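Results of the structural survey
Each chain is listed here by its residues.
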Amino acid sequence: MKKVLLIFLAFFMSLPCLRAQLTFYEHYAVHDELLVALAEGYRLDSVTRVDVVLIQAKDSAAWEWVIEEFQLEKLNDKKIKRLQNGEDVRFYNIITPQTIPVLSEENEDGVFIMAGSHKERTLCVFFTRTDAQRNIIYRNQVKILKNKNR
Amino acid sequence: MKCNFIKIAFLCATAACIMTGCKKENEVQPQANTEECQTTMLRYAVDGQWHTLNIASEQELRDLLTSLTQLALQGHTVQIDQPGQDTPSKDTVEFETKDEEEFIEWGMKMAYAGYFVTMWYDEETDTLHGTATKK
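This write-up is about the structure you can find in this document. (Residues numbered from 1 in each chain as written. Chains lettered and ligands numbered in written order. Predicted model: local features only at pLDDT ≥ 70, side-chain atom pairs only at ≥ 80, totals over all residues. Heavy atoms only, no water.)

**Some details on the overall build of chain B**
- When its secondary structure is counted, chain B shows three helices and six strands.
- In chain B, the succession of α and β elements from N to C terminus is α-β-β-α-β-β-α-β-β.
- Going through the 135 residues of chain B one by one, you find that 29% of them count as buried.
- A separation threshold of at least 6 residues defines the contact pool for chain B, and within that pool the share at least 24 residues apart is 46%.
- In the structure as shown, chain B presents an accessible area of about 9,600 Å², 55% of it carried by carbon and sulfur atoms. (Helix = DSSP H or I, 4+ residues; strand = E, 2+ residues; numbered from the N terminus. Buried < 20%, exposed > 50% of the residue type's maximum accessible area, 1.4 Å probe, protein only. Contact = heavy atoms within 4.5 Å. Areas by Shrake-Rupley, 256 points an atom, 1.4 Å probe, with all protein chains shown as cover.)

Below you can see the structure in the form of structure tokens.
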């Protein structure tokens, strides 16, 4: 009985945390030109997990829309040339919920990470709570960048 | 006669001074000992490609500036920057290194300072490149 109560308690305690992720996911999942997925407890390494919403644009027009929507850096000619040569250009950004309208409405706290790839037209929004999570995400971005080119 | 003697002595002293090189007090002389020589690190970019150079003398700086001016006149984009500032004050900061750990450290520092970090990897030179842009 005690165990059941504890599970219920843990479930209800986790609800407010998940609400922002779900709102965010549902807000963008309705867009036909985007592929959107929510992964709860995505494994960053053997001990670190984090919730993440993955957004992939189906075409370049949709990616342009994502760049505008999330205020991603507009690429200069040099970086565009790299993409045209088949190389990847990745990005990493620490943001507050206020940066994204749908999250600011939720009054969500915490620090989010926007990371992804211009080549793959992919944006991941990680819902982080600790510096350790943020550091691993950045480290992984660099490792992916090097490995993909090899 | 006495007057002529003074004139000759003065001329000889002047000639000796010219031949040996007159050393005035407080004049900055080039350092012969390279260990004592002060160097300044300077970063410069040609068409967005950044390089770092240790400048050991005014002549080296002049030579570099002459070369960069020539390149600029030929239509290349030239930028000069002095690195080593912990808190970046510019809108865009570029960085390149072959050392993965150094690159991770730089990127995290910039991200926490509120910069948007973009990165790419040059396979040919095995170099990681990063651009940090102020949001």
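Having put the structure on the table, let's press on.
**Some details on the sheet that holds strand β4 (residues 111-117) of chain A**
- Spatially, eight strands are ordered β1(A)-β2(A)-β5(A)-β4(A)-β3(A)-β5(B)-β6(B)-β4(B) in an open sheet, and the strand pairing comes out antiparallel. Edge strands, defined here as strands with exactly one partner in the open sheet, are β1 (34-43) of chain A together with β4 (92-97) of chain B. Taking the axes of each pair of neighbouring strands and ignoring which way they run, one obtains an average angle of 15° across the sheet.
- As judged from the six bridges shared by strand β3 (residues 90-95) of chain A and β4 of chain A, these two strands associate in the antiparallel manner. Pairing of N93 of chain A across the sheet is with M114 of chain A, part of β4 of chain A. (Pairing = 2+ DSSP bridges. Axes fitted to C-alpha atoms, helices over the stretch in contact; angles between N-to-C directions.)

**Some details on the nonpolar core**
- Grouped together as the largest cluster of nonpolar side chains are 28 residues, with contacts concentrated most on Y92, F126 and Y138 of chain A together with F103 and W106 of chain B.
- At six residues, helix α3 (residues 100-112) of chain B tops the list of elements feeding residues into this core.
- In contact with Y138 of chain A, not counting residues within four places along its chain, are Y92 of chain A together with F103, I104, G107, M108, V117 and M119 of chain B.
- Among the nonpolar cores identified, the runner-up in size contains 25 residues, and L34, I67, F91 and I95 of chain A belong to it. (Core = buried A, V, L, I, M, F, W, Y, C linked by side-chain atoms within 4.5 Å.)

**Quick notes on the pattern of salt bridges**
- Within the structure shown, the criterion is met by nine salt bridges over all chains.
- Where salt bridges share partners, they join R82 and E87 of chain A together with D122 of chain B into one cluster. (Salt bridge = Lys/Arg side-chain N within 4 Å of Asp/Glu carboxyl O.)

**Side note on the interface of chain B and chain A**
- On the side of chain A, 27 residues touch chain B, which itself brings 26 residues to the contact.
- In total, chain B and chain A occlude about 2,500 Å² of area from one another, counting both sides; carbon and sulfur atoms represent 56% of this.
- It is F116, M119 and W120 of chain B in chain B that bury the most area against chain A; as a group they hold 28% of the surface buried on that side.
- Inspection of the chain B/chain A interface yields four salt bridges.
- A salt bridge links R82 of chain A to D122 of chain B; the shortest N-O distance between them is 3.6 Å.
- Summed over the shared surface of chain B and chain A, the result is 10 residue pairs in polar contact (both at pLDDT 80 or more).
- At the level of elements, α3, β5 (115-122) and β6 (127-134) of chain B are the ones that each hand at least two residues to the side of chain B that touches chain A.
- When β3 of chain A meets β5 of chain B, the two strands line up antiparallel, connected through three bridges. (Buried area = accessible area lost by both parts, 1.4 Å probe. Polar contact = N/O pair within 3.5 Å; in protein donor to acceptor, adjacent residues only side chain to side chain.)

**A word on α3 of chain B**
All names here are of chain B.
- Helix length check: α3, at 13 residues, gives a terminal C-alpha distance of 18 Å against a target of 18 Å (1.5 Å per residue), a fit within 8%.
- Where α3 is concerned, the buried positions are E100, F103, I104, W106, G107, M108, M110 and A111.
- At the N-terminal boundary of α3, the capping side chain belongs to D99, with an oxygen 3.0 Å from the backbone nitrogen of E101.
- Phi turns positive one or two residues past the end of α3, at G114, with a value near 90°. (Expected span 1.5 Å × (residues − 1).)

**Description of the pairing of β4 of chain A**
All names here are of chain A.
- Of all seven residues in β4, six are buried, a share of seventy percent or more.
- Summarising the sheet, β4 and strand β5 (residues 122-128) pair through seven bridges and their orientation is antiparallel. Across the sheet, residue F112 finds its bridge partner in β5, namely F127.
- The turn linking β4 back onto β5 is made up of four residues, and R121 within it adopts a positive phi angle of 50°.

Just geometry here; none of it tells us what the structure is for.
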